[in-house]
Amino acid sequence: MDAKTTLLEKAAVLEALPDHPAIKAILAWNPDALTDAKIDRGEVTLTIAPNCVRGAAATVKAAGYNALQDVTAVDWFPSVPRFQLSYHICSHAYKNVLRLRVMVDEADAAVESLTPVWAGANYYEREVFDLFGIRFEGHPNLRRILMPDDWTGHPLRKDYPVEGYR
Amino acid sequence: MPDVGTPILEVPVAEGSRDQHMVLNMGPQHPSTHGVLRLVLEIDGEIVVRIYPEIGYLHTGIEKTCEAKFYQQVVPLTDRVDYLGPMANNLVYSLAVEKLLQLEIPPKAQWMRVLLAELTRINSHLIWLGTHAMDIGALTVFLYTFREREEILRLFEMISGQRMMTSYIRIGGLALEAPLDFLPRVQAFIKGFPEKIDEYSNLLTGNPIFMNRLKGVGYLSPEDAVALAVTGPVMRASGVDFDVRRDMPYSSYEKFQFNVPVSNVGDCWARYAVRLEELRESVKIVQQALDGMPEGPIKADAPKIVLPDREQMKTQMEALIHHFKIVTEGFAVPAGEVYQSIESGHGQVGYYVVSDGTAKPYRVHMRYPSFADLQALETMCQGRLLADVVAVVGSIDIVLGEIDR
């Protein structure tokens, strides 16, 4: 995929990439899981329904996206839904990176943990829990990782000040 | 501030734990933990049952700080994350922002970036080799590797004015033209360096103590390596053949000829062998960069993003205005999100930069390899002797600055 390609519509992406292994696998598994898709600067982003994260992750893993690289979040405060979870998954066979994007609401900021699919999601999910306060259901040890255990608040939220008192 | 659940405070006790197991703290001020790493070890006699790494002692909130800075002001922050590989950090951040901006980088800047990234890898591997051997008890090697590292730091000082916090690779190119005698001096260093690698190898490869401490210790299977998000030399020593430089090339790495050393053994010795071989490959890449160094500018042609030449700024009105605007207001970056990976000395570094169209990054996330490598520590040490923990921690080459950020 050329680094200049930009397609922001799901229909356009599905048309441009009919043979993309991850898109094909997700559509075959559960067409409702894929709520949106875009190609921005050559990077493929698939938006997944919040209740289908683990299934979608297992599906793309089986489709060749074998190595989870990174789990992180973006706080779009005050938009609703507030949090965007970004999963970056590398494929050693296809030699590219796929981004799964999940939007979660502040009121019930929780998604399924990916630790049963990739054990390596453990620390990354703890980091997101620590710094954003998003809970991961089914995580074996969801504790703070960078901040002290008795810290209050979640520093990477946008309503948490960069300097001064909380 | 809404509170999202209360944190679970106690360390969960593993199933099968018995009363006679002892809990032992290693660190955070332990000489073999390479910084402020605290390992809570559950041991049965001398055998490691479980390891709970406790990190965060060096957490300075760099990702949060980035959100309050202009794009160009983030470059010096990235130096301080992995403090042993400053050029690699500058490079990955610059590449990510350049991808957002869709900037074309001139060939000379790209080749200089490759040259500097490889010198950084040599620097990082030299520190690993010296400290790893020192942990095992071979004190001499440290003095040898720091002799060569000193020369690399002098080269960095020559080109950027700083030994460690270089901030030399900037958004849109490089900070300055290299001094005239820089490339000949890199050439002189690179010419003598393969001999030096042989010297280290002579000190360690046949050394029976070193072999006994590393061979068969800290085994990591290829499946576990990928599942635990381990990357870089540790993953390649477990037999997974993937290197970002070759497989997802950036900064014109596709124009260089080099091998990717891989071993199928998966123990600490394999990691030693792979890294030693990587040093030799880095020498080859630097030599190719020196031989084929293109002529031309070192900055992209983007006057609203790249600071103007000092001389132009003092003589041309337009350049002065651009300079003033960039310094006081920064430059707006089109909205979007990018993820850029590179191969640093430790493994795959990924920067995730989200822009909302303003002059400050909305979110910068730094994925560093040591963070993931630490997860694999328990798998590598379980059922082994306590003394092996020191060898394994040394062999995965962690830098706490990049773990805690």
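Each remark here, short or long, concerns the structure printed above.
Residues numbered from 1 in each chain as written. Chains lettered and ligands numbered in written order. Predicted model: local features only at pLDDT ≥ 70, side-chain atom pairs only at ≥ 80, totals over all residues.

Draft legend 1. View of the overall build of chain A. The number of helices and strands found in chain A is 4 helices and 7 strands. Reading chain A from its N end, one meets helices and strands in the order α-α-β-β-α-β-β-β-β-α-β. Over its C-alpha trace chain A gives a radius of gyration of 16 Å, about what one expects of a compact globule, namely 15 Å for 166 residues. For the C-alpha atoms alone, the extent of chain A along its principal axes is close to 50 × 30 × 25 Å. Out of the 166 residues belonging to chain A, those deemed buried represent 45%. Within chain A, contacts between residues at least 6 apart in sequence are counted, and of these 53% link residues at least 24 apart. (Helix = DSSP H or I, 4+ residues; strand = E, 2+ residues; numbered from the N terminus. Rg over C-alpha atoms; globule rule 2.2 N^0.38 Å. Buried ≥ 20, exposed ≤ 12 C-beta atoms within 10 Å, placed from the backbone. Contact = placed C-beta atoms within 7 Å.)

Draft legend 2. Local environment of the sheet that holds strand 4 (residues 83-91) of chain A. Residue and element names in this part refer to chain A. Within the open sheet, the 5 strands sit side by side as 1-2-5-4-3. Their pairing is mixed. Both edges of this open sheet fall to strand 1 (34-40) and strand 3 (67-75), since each of them pairs with a single strand only. Averaged over all neighbouring strand pairs, the angle between strand axes comes to 20 degrees, with direction disregarded. Taken together, the 4 bridges between strand 2 (residues 43-48) and strand 5 (residues 96-104) define a ladder with parallel strand orientation. Its bridge partner being in strand 5, threonine 47 is matched across the sheet by arginine 101. Against the sheet, helix 4 (residues 121-132) makes contact with strand 3 and strand 4, and its axis sits at roughly 5 degrees relative to strand 3, the strand it touches most. (Pairing = 2+ DSSP bridges. Axes fitted to C-alpha atoms, helices over the stretch in contact; angles between N-to-C directions.)

Draft legend 3. Seen up close, the interface of chain A and chain B. Opposite the 41 residues of chain A that make contact, chain B presents 42 residues. Broken down by secondary-structure element, the contributors of at least two residues to the side of chain A that touches chain B are strand 3, strand 4, strand 5 and helix 4 of chain A. For the side of chain A that touches chain B, the residue count by class is 16 nonpolar, 13 polar and 12 charged. (Nonpolar A, V, L, I, M, F, W, Y, C, P; charged D, E, K, R; others polar.)

Draft legend 4. Inspection of the pairing of strand 5 of chain A at higher detail. Residues and elements named next belong to chain A. In this sheet, strand 5 lies alongside strand 4 in antiparallel orientation, the contact comprising 9 bridges. Directly across from leucine 85, in strand 5, lies its bridge partner valine 102. Hairpin connection, strand 4 to strand 5: the antiparallel pair is bridged by 4 residues, and lysine 95 has positive phi, about 60 degrees.

Draft legend 5. Just the sheet that holds strand 2 (residues 38-44) of chain B, in detail. Residue and element names in this part refer to chain B. One open sheet holds the 3 strands; their spatial order is 1-2-3, and the pairing between them is antiparallel. Edge strands, defined here as strands with exactly one partner in the open sheet, are strand 1 (22-26) and strand 3 (47-54). Between one strand and the next, the sheet's axes are offset by a mean angle of 25 degrees, whatever the strand orientation. In this sheet, strand 3 lies alongside strand 2 in antiparallel orientation, the contact comprising 7 bridges. Bridge pairing in strand 3 links arginine 38 to glutamate 54. Against the sheet, helix 16 (residues 386-395) engages strand 2 and strand 3, with an angle of about 145 degrees to strand 2.

Draft legend 6. Spotlight on the environment of serine 94 of chain B. All names here are of chain B. Assignment of secondary structure puts serine 94 in helix 3 (residues 86-101). Between the C-alpha atoms of serine 94 and tyrosine 219, which are 125 residues apart in sequence, the distance is 36 Å. If we ignore the near neighbours within four places in the chain, the residues touching serine 94 are Ile169, Arg170 and Ile171.

Draft legend 7. Layout of the packing of helix 5 (residues 140-160) of chain B against helix 6 (residues 182-204) of chain B. All names here are of chain B. Remark: helix 5 packs on helix 6, axes separated minimally by 11 Å, with the N-to-C direction vectors making an angle of 165 degrees. Relative to helix 6, the element helix 5 is oriented roughly antiparallel. Seen from above, helix 5 lies across helix 6 with left-handed handedness. Counting all contacts with helix 5, which are made through Thr140, Val141, Tyr144, Thr145, Glu148, Glu151, Leu155, Met158 and Ile159, the residues of helix 6 involved are Phe182, Arg185, Val186, Phe189, Phe193, Lys196, Glu199, Tyr200, Leu203 and Leu204. When grouped by side-chain class, the residues that make up the contact of helix 5 with helix 6 number 12 nonpolar, 2 polar and 5 charged. (Parallel < 35°, antiparallel > 145°, perpendicular 65-115°, else oblique. Left-handed = near helix turned anticlockwise from the far one by under 90°.)

Draft legend 8. Representation of the pairing of strand 2 of chain B within the structure. The pairing of strand 1 of chain B with strand 2 of chain B spans 5 bridges and is antiparallel. Bridged to asparagine 25 of chain B within strand 2 of chain B is valine 40 of chain B.

Draft legend 9. Inspection of the environment of aspartate 70 of chain A at higher detail. Checked against the element boundaries, aspartate 70 of chain A lands in strand 3. By the C-beta count within 10 Å, which is 28 here, aspartate 70 of chain A ends up buried. Separated by 20 residues in sequence, aspartate 70 of chain A and cysteine 90 of chain A have C-alpha atoms that sit 9.3 Å apart. Residues contacting aspartate 70 of chain A, with those up to four places away along its chain left out, are His88 and Tyr124 of chain A together with Gly350, Tyr352 and Arg367 of chain B.

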